[in-house]
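The residues making up each chain are set out below.
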Amino acid sequence: MTKPYDAIIVGAGQAGPPLAGRLTQAGMTVAVIERKLFGGTCVNTGCMPTKTMVASAYAAHVARRAADYGVALTGGVGIDMDRVRARKDEVSGNARRGVESWLRGMERCTVYQGHARFVSPREIEVDGEILSAPRIFLNTGGRASVPDIPGLDRVDYLTNTSILELDTLPRHLVVIGGSYIGLEFAQMFRRFGSEVTIIERGPRLIAREDEDISAAIREILEAEGIRVHAGAGSIAFTPQGDDFAVAVSGSEGAANLTGSHVLVAVGRSPNTDDLGLDKAGVTVDSRGYIEVDDQLRTSVEDIWAMGDCNGRGAFTHTSYNDFEIVAANLLDDDPRRVSDRITAYALYIDPPLGRIGMTEDQVRRSGRKALIGRRAMTQVGRAIEKGETRGFMKVVVDAESHAILGAAILGVGGDEVIHGMLDGMYAHAPYSTIQRAVHIHPTVSELVPTMLGEMKPLV
Ligand SMILES: Cc1cc2nc3c(=O)[nH]c(=O)nc-3n(C[C@H](O)[C@H](O)[C@H](O)COP(=O)(O)OP(=O)(O)OC[C@H]3O[C@@H](n4cnc5c(N)ncnc54)[C@H](O)[C@@H]3O)c2cc1C
Ligand SMILES: NC(=O)c1ccc[n+]([C@@H]2O[C@H](COP(=O)([O-])OP(=O)(O)OC[C@H]3O[C@@H](n4cnc5c(N)ncnc54)[C@H](O)[C@@H]3O)[C@@H](O)[C@H]2O)c1
């Protein structure tokens, strides 16, 4: 027998649960299907656990530097991995339980725990039951990709999920992939006390960013004792008892290392291969992402895809914004669109990188006339006072319209401070609006107007 609902939501990540809230408030009956953990990647194996552990690593780092601040600690700095993990489990577990109890207590919402699969454009099967609805929303997220590296299959490799459950500290953690996931874990485990090596296939770390940012990040990580092999064209693993050997060669030369643990951090793949999308006629692109239009409609009428599974964003805030776009179009007669969204994200190494809009390189390649402002964190009073002067900030502005095109702040508070300029971009304000704003002293933000007042033509 088929159970009818007004709507079916597959996946309880960042977009599904709030959409269930809006649809049920509008009087619809909704089935939410989640196969694993409520809250999805961000809550369980992504942002929340990692940022909680990044905080532990930061505490260790500051403790090691205590004497710089005139604080005397007797004895060395030890790491209690059980406590680190327990703290992470508490933060993440509270959030997961919060999402689950919210959904289970939601009027007109029925929660199914199991794997969902289409049997037709309007029907989904979960654990042998068939549910039907005139509208279906997909929020299935993604999982770690595993690269085809010789010998990797013979090594007990870790992903962002399994590394969170380690109860002992790796002696030597080898990280494959030098982007968001790789860099955050690399610095975290180095600060916990592991030896850490990053192996990146591309010519530089976090290669989507400008070269000066990649170089500064590499310098920050190397200063903490992390080894980096970029331009690694060839990587091969050989098991050696409980350890493994890894041979790397490429544009930075060749090296042979011995590691105890390897983390694979080479990108994510969408959870779309096991959804029966062919039974519904929903199309995917060559990498498996569900094809959507600017308002997140798939190729099949009344089926929408939100979050990481549609390839239009890969962040918690973009997934949540997808929910806002779908809800606004469906329930509020408000034609919100993905193309209204300005690129914005942060990399949570310490100091963090806050990034918005275009990179300097993208602006240069666009050929438009632009102005650029730059300021080292050594010229920021608050950073000096805090003893955290690594990094710099920069901004690129259109020379004719005076619109802010993009900015980066690699420095203490950079993930927060960048929002002033982001809000200026959303307000379509010329840069002079922020340049003339009187910011609070002493903050990192107070140097943003100064930087905007000292711009030069981008050549
Ligand atoms: C280590 C790490 C750190 C990160 N840090 C950040 C960060 O600091 N900031 C940031 O913005 N982003 C971060 N991200 C990215 C962020 O976690 C994701 O972009 C976000 O969680 C995507 O949300 P989503 O709703 O699209 O999917 P998900 O949160 O992945 O949710 C999808 C859900 O669907 C379920 N599901 C899948 N298929 C089915 C099926 N067939 N049937 C039933 N259920 C199904 C899954 O079990 C899952 O619960 C990080 C990611 C990782 C891996
Ligand atoms: N701070 C954040 O917001 C945050 C943190 C973590 C993850 N995330 C999300 O998770 C997603 C995945 O992150 P990620 O870092 O795994 O992927 P990514 O796609 O950002 O980077 C993968 C890196 O691995 C390298 N690589 C690919 N194949 C390789 C190989 N065979 N050998 C060596 N290097 C190889 C690539 O050149 C690239 O630098 C990101 O797109 C991001 O949206 C966000």
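Residues numbered from 1 in each chain as written. Chains lettered and ligands numbered in written order. Predicted model: local features only at pLDDT ≥ 70, side-chain atom pairs only at ≥ 80, totals over all residues. Heavy atoms only, no water.

- Annotation of the protein chain in UniProt includes, under Cofactor (unreviewed entry), the sentence "FAD".
- In its Sequence similarities (unreviewed entry) section, the UniProt record describing the protein chain reads: "Belongs to the class-I pyridine nucleotide-disulfide oxidoreductase family." (UniProt positions renumbered as here; feature names shortened; annotations may be inferred.)

As for the site of ligand 2
Part 1 of the reasoning: Within the structure, ligand 2 sits among 21 residues, and Ser179, Glu200, Gly267, Ala314 and Ala346 are positioned closest to it.
Part 2 of the reasoning: Here arginine 201 contributes a backbone N or O atom positioned 3.2 Å from a nitrogen atom of ligand 2.
Part 3 of the reasoning: In isolation ligand 2 offers 850 Å² of accessible surface; the protein chains occlude 82% of this area.
Part 4 of the reasoning: When grouped by side-chain class, the residues that make up the shell around ligand 2 number 13 nonpolar, 3 polar and 5 charged. (Near = heavy atom within 4 Å. Polar contact = N/O pair within 3.5 Å; in protein donor to acceptor, adjacent residues only side chain to side chain. Areas by Shrake-Rupley, 256 points an atom, 1.4 Å probe, with all protein chains shown as cover. Nonpolar A, V, L, I, M, F, W, Y, C, P; charged D, E, K, R; others polar.)

Side note on the side chain of arginine 191
Part 1 of the reasoning: Mapped onto the elements of the fold, arginine 191 is located in helix H5 (residues 180-192).
Part 2 of the reasoning: Once you skip the residues sitting within four places of it in the chain, arginine 191 turns out to touch Ala57, Tyr58, Ala60, His61, Arg64, Ile79, Glu224, Asp350 and Arg390. (Helix = DSSP H or I, 4+ residues; strand = E, 2+ residues; numbered from the N terminus. Contact = heavy atoms within 4.5 Å.)

A closer look at the packing of aromatic side chains
Part 1 of the reasoning: This structure, assessed with the given rule, holds 9 aromatic pairs.
Part 2 of the reasoning: Seen from their ring centres, phenylalanine 137 and tryptophan 304 are 4.8 Å apart, and the 20° between their planes marks the pair as stacked. Here phenylalanine 137 is found in strand E8 (residues 136-138), whereas its partner tryptophan 304 is found in strand E18 (residues 303-305), with 167 residues between them in sequence.
Part 3 of the reasoning: With a centroid separation of 5.5 Å and 90° between ring planes, the pair formed by phenylalanine 189 and phenylalanine 192 is classed as edge-to-face. Taken together, the positions of phenylalanine 189 and phenylalanine 192, both in helix H5 and 3 residues apart, correspond to about one turn of that helix. (Phe/Tyr/Trp six-rings, centres within 6.5 Å; stacked < 30°, edge-to-face > 60°.)

Considerations on the pattern of salt bridges
Part 1 of the reasoning: Overall, the coordinates contain 33 salt bridges when judged by the stated rule.
Part 2 of the reasoning: Arginine 65 is paired through a salt bridge with aspartate 68; the nearest N and O atoms lie 3.3 Å apart.
Part 3 of the reasoning: Taking the relative accessible area as the measure of exposure, arginine 65 reaches 23% and is therefore partly exposed.
Part 4 of the reasoning: Here aspartate 68 falls in the exposed class, since its relative accessible area comes to 59%.
Part 5 of the reasoning: Residue glutamate 224 is joined to arginine 191 by a salt bridge in which the shortest nitrogen-to-oxygen separation is 2.6 Å. One end of the pair, glutamate 224, is in the loop between helix H6 (211-223) and strand E12 (227-229); the other, arginine 191, is in helix H5, with 33 residues separating them in the sequence.
Part 6 of the reasoning: Exposure remark for arginine 191: the relative accessible area of 3% places this residue in the buried category.
Part 7 of the reasoning: Salt bridges sharing partners connect three or more residues here, namely Asp210, Asp212, Glu360, Arg364, Arg374 and Lys394. (Salt bridge = Lys/Arg side-chain N within 4 Å of Asp/Glu carboxyl O. Buried < 20%, exposed > 50% of the residue type's maximum accessible area, 1.4 Å probe, protein only.)

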